[in-house]
Amino acid sequence: MKLSQLPLLSYFATIDHPSKCYNFHLAPSTTTKLAKLGLHNISLASHPSYHQKGSTLTFSSYNGDLNINNITTPFCRLELSLLPHLDSNSSTTTELWLPDTPNYNNKLLGVGNGGFSGGIVYPDLWHQGTQHGFAAFSTNTGHNSHPLDGSWALDNEELVTDFAWRAVHESTVLAKALTKLYYSSWSAPKTYWSGCSTGGAQGLKSAQMWPKDFDGILVGSPASDMTHLQPWALRQNQALEDGQFDKKTWLLVKKEVLKQCDALDGVVDGVIEDPRKCFFRPEALACRPKKKKNCLQPHQVEALKTLYTDYYDQDGKLFFHRSEPGGEDFYDSMTPSGFPKEYFRRFVLNDTEWDHKTLDQQTIQLAQDLDVGRMNAIDPNLVPFAKQKGKLIHYFGWGDQNIAPQDSIKYYNSVENHTRSTSKLDIESFYRLFPVPGMSHCRYGAGANGFGAASQTASGQPPLDPKSPKHNMLLALVQWVEKGKAPDEIVATKWKDDNAAKGLLRTRKLCAFPKRSVVIGPTRSDRAEDFNCVDPSVAV
């Protein structure tokens, strides 16, 4: 320890952190300053609560439960109420968790939501945020509901706008101001975002609409193109319904997919490195006159061909990419048709009796024309964000059952095209994309799926070394923002049965797109160091 640190540590030791927390309030001068930032009618929804070292955390919402014993990072919890729009009845709840000064890393982290859910994301507030010294915040986006429940959106434009972008933006502005106030800082902290699915779209929307909100954004499997995603989801669900697949049949399909495509990457490990190279032929499983068991009926073959084929509109234009071979472990739990049905019934048509089987081009076009609440987060212009020195890391699972994996590549390519045509910037200077072989939606799946991103640690899949930017993608983002070291590769971890308590199964290198991971060791290796990230043009 440096001698110069001793006075500072002595000062920290004299702070009565519980009293500081309990006495925190929004003085008139503070609310006046917040009003100048466009934030009105801000209040503490409850008295601040202090959670001391060694205590137990028990919180629950539609975005997940948090049950932690013997916490190591004490913090102050603020529950805040925002009225985002003075002329509406919408109200947003935001929580801000502030670690004690000795634990605070001078950074602020916002964590994203999932599905249509409104609720504080308690698991990521702790596991990604406060546990590691971040001041951390989460918003319920203006409502409380289950991820598949869109009933709150019916005929309520203000709530939809809150959900689409406004609640996150205003919560970010508020969290920055109060964090600065709480720690008596002269400047705002470095501010980061981490979210997957809806949370990923929230991150992209922030970069597109509010380029100054975040210094670094970690985006996973974003549900960013809602007007194309939801018709596609109905199509995929109809294929599954037509196929009438059970778990036994999916195991049969998975085995055949791996038989046809697992070895394409040079490693037979149950994971397809790049499914774009896999042209799976379900006809190989078709029943024959003398083979009636462990085979597929004609309607099932056709259903799989639909599932694994890109979706084109009536004019022959690509509408949305396919589900990829290799995600069969979770295709039996693909987003229920209730999700896209809710979108059209509650958000687009305001008709709770609408029959999803009547979906036609006119309704699809209406959804695109309306883009309710401006939910789509597909603007390719990230130049303002890049010029603010913002950095974005984007990841997706090749086995994603809810969103076509190639949609992420499509967006990345659109940003690159726009950036090259409108600026002197190179996309690599502010945006890195990491495909994750075998991972399903945000987590789980056959591939290495633990790298410090949203919901992973809370689900039992932490990074091998949570404190290392080499293993923890969020810390890699922080390192890029604050030290200028961009990540070219991340080491992801696969735990036995996706449970760290059961021990390590393997590690793998995730490569920044368009590079790919190539084995340089044994043809069945469980070590990341036996792989290299190489350019796609390199022959292997």
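Residues numbered from 1 in each chain as written. Predicted model: local features only at pLDDT ≥ 70, side-chain atom pairs only at ≥ 80, totals over all residues. Heavy atoms only, no water.

Engineer: Could you clarify how one ought to interpret the overall build of the protein in this entry?
Structural biologist: Along the backbone of the protein there are 15 helices and 18 strands. For a compact globule of 540 residues, the expected C-alpha radius of gyration is about 24 Å, and the protein comes in at 24 Å, within 12% of that figure. The dimensions of the protein, computed from C-alpha atoms along their principal axes, are 80 × 55 × 50 Å. Of all 540 residues assigned to the protein, the portion counted as buried reaches 57%. Counting contacts in the protein only where the partners sit at least 6 residues apart, residues at least 24 apart contribute 68% of the total. Of the roughly 23300 Å² of accessible surface on the protein, 50% is carried by carbon and sulfur atoms. In the protein, 57 positive and 57 negative side-chain charges are present, and the distance between their average locations comes to 7 Å. (Helix = DSSP H or I, 4+ residues; strand = E, 2+ residues; numbered from the N terminus. Rg over C-alpha atoms; globule rule 2.2 N^0.38 Å. Buried < 20%, exposed > 50% of the residue type's maximum accessible area, 1.4 Å probe, protein only. Contact = heavy atoms within 4.5 Å. Areas by Shrake-Rupley, 256 points an atom, 1.4 Å probe, with all protein chains shown as cover. Lys, Arg positive; Asp, Glu negative; His and termini not counted. Charge placed at Lys NZ, Arg CZ, Asp CG, Glu CD.)

Engineer: Just checking my understanding: could you explain the side chain of Lys205 for this structure?
Structural biologist: Topologically, Lys205 is positioned in helix 6 (residues 198-209). One buried charge, Lys205, has no salt-bridge partner; the nearest side chain with opposite charge is Asp371, at 5.3 Å. Dropping the residues within four chain positions of it, Lys205 is found in contact with Ala164, Trp165, Trp210, Arg374, Met375, Asn376 and Ala377. (Salt bridge = Lys/Arg side-chain N within 4 Å of Asp/Glu carboxyl O.)

Engineer: Would you mind going over the packing of helix 7 (residues 226-243) against helix 9 (residues 298-307) with me for this structure?
Structural biologist: To characterise two packed helices, one gives the angle between the axes of the helices and the distance between these axes. The N-to-C vectors of helix 7 and helix 9 enclose an angle of 165°; their axes lie 8 Å apart at closest approach. By the angle between their directions, the pair helix 7 and helix 9 is classed as roughly antiparallel. Crossing angle aside, the handedness with which helix 7 passes helix 9 is left-handed. In contact with Arg235, Gln236, Ala239, Leu240, Asp242 and Gly243 of helix 7, helix 9 contributes His299, Gln300, Ala303, Thr306 and Leu307. Classifying every residue of the contact of helix 7 with helix 9 by side-chain character gives four nonpolar, five polar and two charged. (Axes fitted to C-alpha atoms, helices over the stretch in contact; angles between N-to-C directions. Parallel < 35°, antiparallel > 145°, perpendicular 65-115°, else oblique. Left-handed = near helix turned anticlockwise from the far one by under 90°. Nonpolar A, V, L, I, M, F, W, Y, C, P; charged D, E, K, R; others polar.)

Engineer: Please clarify how the pattern of salt bridges should be interpreted in this entry.
Structural biologist: Side chains carrying opposite charge are able to pair once their charged atoms draw close together. Per the stated rule, a full pass over the model turns up 20 salt bridges. Note that Lys254 and Asp329 form a salt bridge whose closest N and O atoms lie 2.9 Å from each other. Of this pair, Lys254 sits in helix 8 (residues 247-261) while Asp329 sits in helix 10 (residues 328-331), and the two are 75 residues apart along the sequence. Take Lys254: its relative accessible area is 23%, and that puts it in the partly exposed class. Among the ionic pairs, Lys305 bridges to Glu283, the shortest N-O distance being 3.6 Å. Of the two residues, Lys305 is situated in helix 9 and Glu283 in the loop between helix 8 and helix 9; the sequence distance between them amounts to 22 residues. Classification of Glu283 by relative accessible area gives partly exposed; the value is 32%. Residues joined by salt bridges that share partners form a network here, namely Glu158, Asp162 and Arg166.

Engineer: Before we go on, may I ask you to explain the packing of helix 5 (residues 157-182) against helix 6 in this structure?
Structural biologist: Contact geometry of helix 5 with helix 6 gives a least axis separation of 10 Å together with a crossing angle of 65°. On the basis of their axis angle, the class for helix 5 and helix 6 is roughly perpendicular. Considering how the two elements wind past one another, helix 5 and helix 6 form a crossing that is right-handed. Counting all contacts with helix 5, which are made through Phe163, Ala164, Trp165 and Val168, the residues of helix 6 involved are Thr198, Gln202, Lys205, Ser206 and Met209. Counted by class, the contact of helix 5 with helix 6 contains five nonpolar, three polar and one charged residues.

Engineer: Looking at this model, I keep getting lost on the packing of aromatic side chains. Mind explaining?
Structural biologist: Counted according to the given criterion, the structure contains 31 aromatic pairs. Each ring, one from Phe280 and one from Tyr308, has its centre 5.5 Å from the other, and the planes form 85°; the classification is edge-to-face. Placement of Phe280 in the loop between helix 8 and helix 9 and of Tyr308 in the loop between helix 9 and strand 11 (311-312) is noted, with a sequence separation of 28 residues between them. Just as Phe280 is buried, Tyr308 falls in that class too. Each member of the aromatic cluster is reached from another via a ring pair, and the members are Phe116, Trp152, Phe163, Phe339, Tyr343, Phe344, Phe347 and Trp354. The aromatic ring of Tyr182 is capped on one face by Lys20, whose charged end is 4.4 Å from the ring centroid. Cation over ring: Arg432 sits above Trp480, and NZ or CZ is 5.5 Å from the ring centre. (Phe/Tyr/Trp six-rings, centres within 6.5 Å; stacked < 30°, edge-to-face > 60°. Lys NZ or Arg CZ within 6 Å of the ring centre and 35° of its normal.)

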